[in-house]
Structure formats: structure tokens, C-alpha cells
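# Per-entry structural report
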Amino acid sequence: MEQFKTSSDVLFVLLGAIMVLAMHAGFAFLEVGTVRKKNQVNALVKILVDFSVSTLAYFFIGYTVAYGIDFFDSAAVLNERSGYDLVKFFFLLTFAAAIPAIISGGIAERARFYPQLAATALLVGLVYPFFEGMIWNSNFGFQAWLEASFGATFHDFAGSVVVHAVGGWVALAAVLLLGPRHGRYSKNGAIAAHPPSSIPFLALGAWILTVGWFGFNVMSAQTVEGISGLVAVNSLMAMVGGTLAGLVFGKNDPGFVHNGPLAGLVAVCAGSDLMHPGGALVVGLIAGALFVLMFTLTQNRWKIDDVLGVWPLHGLCGAWGGIAAGIFGLEAFGGMGGVTFMSQLLGTLAGVGVAFVGGFLVYGVLKAAVGLRLDQEQEFEGADLTIHKITATPEREASW
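Residues numbered from 1 in each chain as written. Predicted model: local features only at pLDDT ≥ 70, side-chain atom pairs only at ≥ 80, totals over all residues. Heavy atoms only, no water.

### Observations concerning the overall build of the chain
So the rule is basically this: Here a strand is any run of E in DSSP of at least two residues, a helix any run of H or I of at least four, and the numbering for each starts at the N terminus. Every radius of gyration here is taken over C-alpha atoms, with the globule rule written as 2.2 Å times N^0.38, N being the number of residues. Partly exposed describes any residue whose relative accessible area lies between the buried limit of under 20% and the exposed limit of over 50%, with all areas from a 1.4 Å probe on protein chains only and scaled to the type maximum. Surface accessibility in these figures is a Shrake-Rupley result with a 1.4 Å probe; residues are shielded only by whichever protein chains are displayed. Think of it this way: Lys and Arg go in the positive column, Asp and Glu in the negative one, and His and the chain ends go nowhere. Think of each charge as sitting on NZ of Lys, CZ of Arg, CG of Asp or CD of Glu.
When helices and strands are tallied, the chain shows 16 helices and 0 strands. Its C-alpha radius of gyration of 21 Å places the chain within 12% of the 21 Å reference for a compact globule of 400 residues. Dimensions of the chain along its principal axes, counting C-alpha atoms only, are 65 × 50 × 40 Å. Relative to its 400 residues, the chain shows a buried fraction of 55%. Accessible area of the chain: about 16300 Å², with a carbon and sulfur share of 68%. Once the 19 positive and 25 negative side-chain charges of the chain are each reduced to a mean point, those two points are 14 Å apart.

Written out as C-alpha cells, the structure reads:
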């Protein structure tokens, strides 16, 4: 029976890893549908190659930084317990690789290819696992200090802060260092709109992400014994809340409607195992509204050219989710308890700080050393022709 339980846990975590791996197709098509046609190929290539670089960085460096575990033993040792430690690595890798996938949408249409791959290696190998280990492996005594000071550790069941807020705040640093796309904002205050190139592709990406998210959240239990229907229904309610808020606050805009469920799901990750479904609905509603309002503000008022709005979506909604777990996770709000508001607030602020400082360091050093962006002519031609020498939809057949 013990072997059967272990094998069941391996299958459970493996299915979760596969579902989150599939989410990377969602990241890709969300970006493909949002960017202009001359940058669609680049979006697809970036997500796949970033995932590959993330795998190597996390396998050889990042997982050891976070958990003190390496994979340099023999295959026989690694296959003990039916290889559970390996599939756990695979599952957590798909989370780590979400960091560059998130950033990709913010820096789209003007970032150079190979400097971004270097940034991916540094972020997934060092910056992300540094904070991941602080929270999910209790490194450096941060969780112990929170528990001693405020009565509970920082609770982030599926990564509202560890994954999404970290990715969003690193992306903000990268976007600020890159600057806006040429022609986006003129000196007289005018704003050049770049509408999505394909609403169907954007919607496809959102749907793939939404479906995969149930693996992201539910399988974060990491054992069959720990599975919780509460996590699944809370994820559903937050998704629905985010969608409806995106519809109302976005005034029927399909871009906001399809990013709304993602905002809700980002926010519910942290407390999905604690909240009452009614609380998860409220968290999703607030997240959907927060995304629409802050996306509009950053693009139009502050003139921050975050192409997919990854800072509002992941950075801010992720931070809201970390704090919300300390509100709607409380027994007074129908939650399971075991959390405190101050621990959630300070843990969230720690994630924001590590991500923003780490992002500025990584992208600042790369900017000074090799440069981050395409030149103006390359940007005008588009990343597809400049980097990959082909467009998504060639306008004519080859002439030979």
C-alpha cells in the first residue's frame, strides 16, 4: 500500500506539472494575440526557448538554491520512491519558468533575444529561488520571525506572491529600463494605440491558462492525500469574479474580459486552500477591477509601456492575493484560519522588494554590459524579421 500511495503521488504531481507546462502555451498565445503581427513569431519562440533555459538554470542551480537539493546522484538513487523528487522538481520548474514567461509579455516588441535569455538564466537560477526558498523552504529564518512576531508564517499556497507578484515586479523593472516602444508616446502627449493583432489568439491563450490553472492550484497540494475540492471551487469562483469585473470595468472590451479571469486566478492562488468560496469570489472581483483600472492608468497616465499589462495583472493582483489571504482566510470571514494579516502583508512586501531590486540588478547589469533593446530600425521592421528572418504570415511565396 505504501508503494501504491507513493506511485499515486508521483502520478498526481506529474499531471500537475503537465497542466502547468501546458499553461506556457497559454502565455505564448496570449502574447501572440496581443502584440502586432510583426512580433508574433518572436512571442512563440521566446516562450519555448525561455522554458528550455529555465529548465537548465533551475535543474543545475535554482532548485539547489531554494531547497538545498541537487540531482548529481546516480539514476538509481534519483528513482527512489518512484522518482517522486524528480517529478516534484518538474512541477516546481513549471512555476519557476513562469517568471520569464510573465516578463516576456511586458517587454514585448523591443527586447533583444539573447540578453533576455541571459536574464532568464539569472532570474530562474538565483533571484526567484532565493525568495522561493525563503517562503516554501523557510530559508534564512524569515518565516520563523513572522511566526514568532505575528503568530503565523506567510501563507502562499500556490504562488500569488512567490510566482506571480515576483514575476510582475521583475517585469516592471525590465519595462522601466527598456523604455516605451518607439512612437508609442509623442512629445505633445498623444498616445499611439496598438490594438491586439488577434483577439482569437488572445482568447485562446487566456483559455489555455485558465484551464491549466486548476493544475497550478489544486496540484500544489503535491500529494493525493492533500487534495482539496475547496481549492478547485475557490479557483473557479475567483476566475468568474475576475471575468465579470473585467467585463463591467472594461466596458465590454474583449482584452479585459479575457484577462479578467487571469487576474482573479492570480489573486486566489495564495489563499485558495483557506477561503470560503464567497470570499474567493470577492477576491476575484477586486482583482479584475484592479487590473482594468491599473492597466489603464499605467498605459495612459503614467506612460509605462507594459505591452500585456503584466505588472497590473501579475505584480499587483499577485500582491493583492497575498494580502487577501490574510483577510478572507480568517475564520471571521468564513476562512480556515491559521493566517494573520501582518504576516501576509510583510511577506507580500518582501516578495515585491526582492523582485523589484533583483529585476533592476539583473536587467541593469545587462543593459550596461550588452544592451537590452533592438535599435529603432529593427524595432520598426519587427522582431520576427530582425531576429528570426521570417514572419508569421508571409505575404508572398518564395520566388525561386
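There is more to say, and it comes next.
### Things to note about the packing of aromatic side chains
Put simply, the rule is: When the centres of two rings from Phe, Tyr and Trp lie within 6.5 Å, Trp using its six-membered ring, the rings pair. Their planes under 30 degrees apart give stacked, over 60 give edge-to-face, and anything left gives tilted. Two conditions define a charge located above a ring, namely a distance within 6 Å from the ring centre to NZ of Lys or CZ of Arg, and an angle within 35 degrees of the ring normal.
Across all of its chains, the model carries 27 aromatic pairs by this definition. Ring geometry for Tyr63 against Phe89: centres 5.6 Å apart, planes inclined by 90°, an arrangement best described as edge-to-face. Separated by 26 residues along the polypeptide, Tyr63 in helix α2 (residues 40-67) and Phe89 in helix α4 (residues 84-96) bring together distant segments of the chain. Each member of the pair, Tyr63 as well as Phe89, carries the same accessibility label: buried. For the cation-ring pair, Lys88 lies above Tyr67, with the distance from its terminal atom to the ring centre recorded as 5.9 Å.

### Details of the nonpolar core
Rules: Only buried residues count toward a nonpolar core. Its members are Ala, Val, Leu, Ile, Met, Phe, Trp, Tyr and Cys residues joined through side-chain atoms within 4.5 Å. Residues count as neighbours in contact if any of their non-hydrogen atoms are within 4.5 Å of one another.
Counting 104 residues, the largest nonpolar core has Tyr58, Ile103, Tyr128, Trp213, Phe216 and Tyr363 as its most contacted members. Counting residues per element, this core draws most heavily on helix α8 (residues 160-178), at 13 residues. Contact partners of Ile103, with chain neighbours within four places excluded, come to Gln116, Leu123, Gly167, Val170, Ala171, Ala174 and Tyr363.

### Structural notes on the side chain of Thr34
Test applied: Polar contact is the term for a pair of N or O atoms within 3.5 Å; when the atoms are in protein, one must be able to donate a hydrogen and the other to accept it, and sequence-neighboring residues count only if both atoms are side-chain atoms.
The residue Thr34 is located in helix α1 (residues 2-34) in this model. Within the structure, the side chain of Thr34 is placed 2.7 Å from the backbone oxygen of Leu30, a separation counted as a polar contact. Those residues in contact with Thr34 that lie beyond four places of it in its chain are Pro195, Pro196, Ser197, Leu202, Val307 and Leu308.

### Section: the pattern of salt bridges
Rule in force here: The rule for a salt bridge is simple: a side-chain nitrogen of Lys or Arg has to be within 4 Å of a carboxyl oxygen of Asp or Glu.
Tallying each qualifying case throughout the model produces 9 salt bridges. Its salt-bridge partner being Arg36, residue Glu109 comes within 2.9 Å of it at the nearest N-O pair. In this pair, Glu109 sits in the loop between α5 (98-106) and α6 (113-136) while Arg36 sits in the loop between α1 and α2, placing the two residues 73 residues apart along the sequence. Here Asp305 and Arg184 are joined by a salt bridge, their closest N and O atoms 3.2 Å apart.

### Things to note about the packing of α5 against α6
For clarity, the threshold we go by: Fitted lines through C-alpha atoms serve as axes, helices being fitted only where they are in contact, and the angles separating the N-to-C directions of these axes extend from 0 to 180 degrees. Small angles under 35 degrees read as roughly parallel and large ones over 145 as roughly antiparallel, with 65 to 115 read as roughly perpendicular and the rest as oblique. A crossing counts as left-handed when the near helix is turned anticlockwise from the far one by less than a right angle, and as right-handed when that turn is clockwise. By the convention adopted, Pro, Cys, Tyr, Trp, Phe, Met, Ile, Leu, Val and Ala count as nonpolar, Lys, Arg, Asp and Glu as charged, and the other residues, Gly among them, as polar.
Relative orientation of the contacting elements α5 and α6 amounts to 135°, with a least axis distance of 9 Å. Relative to α6, the element α5 lies oblique. The handedness of the crossing between α5 and α6 comes out as right-handed. Of the residues in α6, those touching α5 at Ile99, Pro100 and Ile103 are Gln116, Thr120, Leu123, Val124 and Tyr128. Here the contact of α5 with α6 is composed, by residue class, of 6 nonpolar, 2 polar and no charged.

### Quick word on a nonpolar patch on the surface
The line we're drawing: Only residues above 30% relative accessible area that lack a salt bridge enter a patch, with like-charged residues linked at up to 9 Å and the nonpolar side chains Val, Leu, Ile, Met, Phe, Trp and Tyr linked at up to 5 Å.
A cluster of nonpolar side chains, namely Leu56, Phe60, Ile61, Val65, Phe72, Leu122, Leu126, Phe130 and Phe140, defines an oily patch on the protein surface of about 880 Å² accessible area. The set of elements that each furnish at least two residues to the nonpolar patch consists of α2 and α6. Tracing the chain through its elements places Phe60 in helix α2.

### A few points about the environment of Glu147
Along the chain, the position of Glu147 falls in helix α7 (residues 142-150). Given the relative accessible area of 46%, Glu147 is considered partly exposed. C-alpha of Glu147 to C-alpha of Val339: the two residues are 192 residues apart in sequence and 9.7 Å apart in space. Beyond its immediate sequence surroundings of up to four residues, Glu147 is in contact with Ala152 and Thr153.

### Re helix α12 (residues 277-301)
So the rule is basically this: To estimate how far a helix should extend, the number of its residues minus one is multiplied by 1.5 Å.
Look at α12: 35 Å from first C-alpha to last across 25 residues, which is about the 36 Å you get at 1.5 Å a residue. Every buried residue of α12 is accounted for by Gly279, Ala280, Val283, Gly284, Ala287, Gly288, Ala289, Phe291, Val292, Met294, Thr298 and Gln299. Those residues of α12 hidden inside the fold are in contact with α10 (229-249), α11 (254-268) and α13 (310-328). Looking one or two residues beyond α12, the residue adopting positive phi is Lys303, at roughly 55°.

### A short note on the side chain of Asp306
In this fold, Asp306 is placed in the loop between α12 and α13. Dropping the residues within four chain positions of it, Asp306 is found in contact with Gly106, Val175, Phe295, Gln299, Trp311 and Pro312.

### Some details on the environment of Tyr363
Positionally, Tyr363 belongs in helix α14 (residues 341-369). By relative accessible area, Tyr363 is classed as buried at 3%. With 192 residues separating them in the primary sequence, Tyr363 and Ala171 have C-alpha atoms 9.7 Å apart. With sequence-adjacent residues up to four places away left out, Tyr363 is seen in contact with Ile103, Gln116, Ala119, Leu123, Val170, Ala174, Leu177 and Leu372.

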